[in-house]
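Listed below, chain by chain, are the residues.
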Amino acid sequence: MPTIKLDEGKSVRVEEPKHATNVALDDSNVLPEEITKTRRRFAIFFHLITLVIISMFVARVPFIGSYPDSYIFEFIFGNLKYAVYAIVITWLIFKLFRFKIVRIFKTKRFILGTILCMIGLILTLAIAQKYLLVNSDVNLETYMTGFTNWANSKDAQVYNPFMPTIWAGRPYLDAGIIGTLLVVAWQYVAAVLLSIVALLLITIGVIIFINRRNNKAVALVKKWLINLLGGSVYKNSYDELSGDKNDTKPVIHKNIEIQQEADKLEQLTPPISFLTDTGIDNYFENKSRAEKYQQTLTKFIRKLSLDAAYRDTVIMPQYTEINFEVASKSQIDDILKAQSELLHVLQVEAFNISFKGNIVMFEIPNKKVSKISMRQIFNSMASIQNDEAIAGMGFDNAPLLIDINKHSNMMIIGRRGSGAAMLLTTMLISLAYLNSPKSLEMTILSPLGDRSLKYFDSLPHMQYPLITDLEECLIKLHDLLKQIEERETKFKDAGAKTLEEFNKYQSTESSRFKTSILAISSFDHLLKNSLQNIQLLHEILTRGPSVGIRTILLSINVNNETIEPKIFDVISARFILRLESEHESLKLFDNYRGIQLSGNGDGYYFDVKSNKKNRFQTCYLNVNELMETIKIIKTFYSTKDRSN
């Protein structure tokens, strides 16, 4: 592993090489890459030959396919052999094409829909065959005689004693699923019942194919089947709130409970007690493991004969930072030279080393990740203002709250799965929780159709439902610019410089302006190659803050539109989560910290005014918690509005 000499404040990622280099070279000096290609070719050949052989078994090709089918598969599996065939064939196709060509296998609901439709069609064909046989000149006794003769033949003797008998002792040939269905279809009652079942299966299968709603049960079955077949399911980048099986389920409150709290004059916002503490605390377990890491690192540094002293340990939800102070900066190079040994002694797949002055920081991922909840942040504060958005927990384990009056324009940047969408959702839902719809309104634009934001449509704070059409997004931005111009005129007439000053001297509620939140997900897509759109957004960002317009921009990657100077320079707060590449990281940082973040909400908060970068962890929020929180907000404020 190469040694990297770091400049002041830089960081390096220590991990095992992606391609193993411990393959012994033969006399012909074959490179490891060529060996890998040879193995891949052999694997493709093996899978292809196996696929051909299995297909011959299914087709019962004489001599080659019929005997293995009869003596092995049918004897062992009986009527389940076709299910075994389907699984093996599908698995082989998965292996051969690696999900690249046969992308349909990755689509939602495909496998379950296929299985249900297939079973339904088989039952339908069997019943139709029964109807055709009854109404034709074919003598069923001839079929039974043929079956009996086959059952008495030599190749059926091996399992003949295990076969049931029907119709006056005539032996039933268990020749597979078709023969079974023929026997069942001879009974009219069974035929009617099977017809109903077949119709239901086909109907459900078709519904699963065309249904675009997020059916959790279907998604779970699909995920299990794909994993069983050797594939992998990638999480949708716009569905970070999907959650997992270990999540704490939120307490479901009855509407009457929420309404009773709203009827209290002194209760201006929904009670914090209504929120469920859905966080998961693994602090003490991580602390115990951190102590072992610290002891291991201390022994290892002593082994290197370095003059270094343990300083402190910081335990964050996703990682642990263990800090040592070395006697001189030159000793850092000695530590970097021992990267491979450090991986071995720590028994981790990867970790980060960074330093500041003579302080060396080892950042090691936690084996059990903790999760922070909104209620946890609320409860840790003696009081929280309604103009503060919850972002998460800072590096010092203190709540990270963002004053939207101080930071009117904010930007969130993070790759797929970084937690960027979760951060945006947490900030918006916390503001909606603390502010009445009479004082706060929201407009959310998502040119790429961010699924995690669709739940906000139920909020009473929303001016419009989530807007996903690009042209409509631009229309709303033009409308917003007109609102800014209207506010500027009225502010000037009233001699007010801020929203607070203007509203203070308004005698009626209808004459007051609301704080307006504009959230744009994938805002770079909206600006792409359009100077007019860039100018439009720039006008909103520069003129909006003075009249109460607050903007939060979200992008999943860094490109020319993301760091467009006109936009980037008017942002007062930036949230950098895990980035896609080193190139992106260098654009936003002076090193590679952007790609070394843990993901899932681990990031940096950059206050442009103070020029400080602070590490933070955003709150964890899943769909169930979000939907329950929205219900609480909607019921509480609608009741409050009626009572007033």
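As shown above, the structure is provided for reference.
About the cut-offs
Residues numbered from 1 in each chain as written. Predicted model: local features only at pLDDT ≥ 70, side-chain atom pairs only at ≥ 80, totals over all residues. Heavy atoms only, no water. Helix = DSSP H or I, 4+ residues; strand = E, 2+ residues; numbered from the N terminus. Buried < 20%, exposed > 50% of the residue type's maximum accessible area, 1.4 Å probe, protein only. Contact = heavy atoms within 4.5 Å. Areas by Shrake-Rupley, 256 points an atom, 1.4 Å probe, with all protein chains shown as cover. Phe/Tyr/Trp six-rings, centres within 6.5 Å; stacked < 30°, edge-to-face > 60°. Lys NZ or Arg CZ within 6 Å of the ring centre and 35° of its normal. Core = buried A, V, L, I, M, F, W, Y, C linked by side-chain atoms within 4.5 Å. Salt bridge = Lys/Arg side-chain N within 4 Å of Asp/Glu carboxyl O. Axes fitted to C-alpha atoms, helices over the stretch in contact; angles between N-to-C directions. Parallel < 35°, antiparallel > 145°, perpendicular 65-115°, else oblique. Left-handed = near helix turned anticlockwise from the far one by under 90°. Nonpolar A, V, L, I, M, F, W, Y, C, P; charged D, E, K, R; others polar. Arc of directions from axis to C-beta. Pairing = 2+ DSSP bridges. Expected span 1.5 Å × (residues − 1). Polar contact = N/O pair within 3.5 Å; in protein donor to acceptor, adjacent residues only side chain to side chain. Patch = residues over 30% accessible without salt bridge, like charges linked within 9 Å, V, L, I, M, F, W, Y side chains within 5 Å.

Some thoughts on the overall build of the chain
If you tally the helices and strands in the chain, you get 22 helices and 16 strands. The burial tally for the chain puts 46% of its 644 residues in the buried class. By sequence separation, contacts in the chain at least 24 residues apart represent 71% of the contacts at least 6 residues apart. Split by element, the accessible area of the chain, about 33900 Å² in all, is 57% carbon and sulfur.

Brief notes about the packing of aromatic side chains
Per the stated rule, a full pass over the model turns up 11 aromatic pairs. Taken together, a centroid distance of 5.8 Å and an interplanar angle of 70° make the contact between Tyr310 and Phe324 edge-to-face. A residue pair is termed long-range when its members are at least 10 positions apart, and Tyr310 in strand β4 (residues 308-315) and Phe324 in strand β5 (residues 319-326) qualify at 14 residues. Put simply, the rings of Tyr310, Phe324, Phe351 and Phe362 touch in pairs and so form one group of aromatic residues. Here the basic side chain of Lys613 rests over the ring of Phe606, its NZ or CZ set 5.8 Å away from the ring centre.

Here's the deal with the nonpolar core
Formed by 58 residues in total, the largest nonpolar core has its most connected members in Ile412, Met427, Leu428, Ile429, Met442, Leu459 and Phe575. If one sorts the elements of this core by residue count, helix α14 (residues 420-434) sits on top with 11 residues. The contacts of Ile429, once residues within four sequence positions are left out, are Met374, Phe456, Leu459, Leu621, Leu626, Thr629, Ile630 and Ile633. The next biggest cluster of nonpolar side chains, apart from the first, holds 38 residues, and it includes Cys473, Leu474, Leu537 and Phe568.

Concerning the pattern of salt bridges
The final tally for this structure, using the stated rule, is 13 salt bridges. Across the pair Arg615 and Glu363 runs a salt bridge, and its minimum N-O distance is 2.9 Å. Taken together, the positions of Arg615 in strand β16 (residues 612-618) and Glu363 in strand β7 (residues 359-365) put the pair 252 residues apart, joining distant regions of the chain.

Regarding the packing of α14 against helix α22 (residues 623-643)
Relative to each other, α14 and α22 sit at 25°, their axes nearing to 10 Å. Considered as vectors, α14 and α22 are oriented roughly parallel to each other. Judged by the sense of rotation from one axis to the other, the crossing of α14 with α22 is left-handed. Between α14 and α22, the residues in contact are Thr425, Ile429, Ala432, Tyr433 and Leu434 and Leu626, Thr629, Ile630, Ile632, Ile633 and Tyr637, respectively. Among the residues forming the contact of α14 with α22, the class breakdown is 9 nonpolar, 2 polar and no charged.

Concerning helix α9 (residues 255-262)
Among all positions in α9, only Ile258, Glu261 and Ala262 are buried. One side of α9 carries all its buried residues, which in axial view fall inside an arc of 100°. On its buried face, α9 sits against α22.

What about the sheet that holds strand β10 (residues 409-413)?
The strand order across the open sheet built from 9 strands is β9-β8-β16-β15-β14-β10-β13-β12-β11, with neighbouring strands paired in mixed fashion. Only two strands of the sheet have a single neighbouring strand rather than two, namely β9 (399-403) and β11 (440-445). Strand-to-strand, the axes of this sheet are offset by a mean angle of 30°, without reference to chain direction. Inspection of the sheet shows strand β8 (residues 388-394) paired to β9 by 5 bridges, in the antiparallel sense. Bridge pairing in β9 places Met393 opposite Pro399. Relative to the sheet, α14 contacts β8, β9, β10, β11, β12 (515-521), β13 (549-555), β14 (573-577) and β16, its axis offset from that of β8 by approximately 135°. Sheet contacts for helix α18 (residues 531-543): β10, β12 and β13; angle to β13, the most-contacted strand, approximately 135°.

Re unusual backbone geometry
At Ser305, a residue that is not glycine, the phi angle is positive and equals roughly 60°. With respect to the helices and strands, Ser305 occurs in the loop between α10 (283-303) and β4. Phi at Asn611 takes a positive value of approximately 60°, unusual for a residue other than glycine. Tracing the backbone shows Asn611 in the loop between β15 (602-607) and β16.

Regarding α22
An ideal rise of 1.5 Å per residue puts 30 Å on 21 residues; α22 measures up with 30 Å between its terminal C-alpha atoms. Measuring from the side-chain oxygen of the N-cap residue of α22 to the backbone nitrogen of Asn624 gives 3.3 Å; that N-cap residue is Asn622.

Brief notes about a nonpolar patch on the surface
The grouping of Phe45, Ile49 and Ile53 at the surface amounts to a nonpolar patch, some 270 Å² of accessible area in total. Looking at where Phe45 falls in the secondary structure, it is placed in helix α1 (residues 32-59).

Details of the pairing of β13
Burial runs high along β13: 7 of the 7 residues are buried. Neither face of β13 is left uncovered, since the one carrying Ile549, Thr551, Leu553 and Ser555 and the one carrying Arg550, Ile552 and Leu554 both have all their residues buried. Where β10 meets β13, 5 bridges bridge the pair, whose relative direction is parallel. Across the sheet, residue Ile412 finds its bridge partner in β13, namely Leu554. As paired elements, β12 and β13 share 6 bridges and run parallel to each other. Paired with Leu518 across the bridge in β13 is Thr551.

In short, geometric facts, not functional conclusions.
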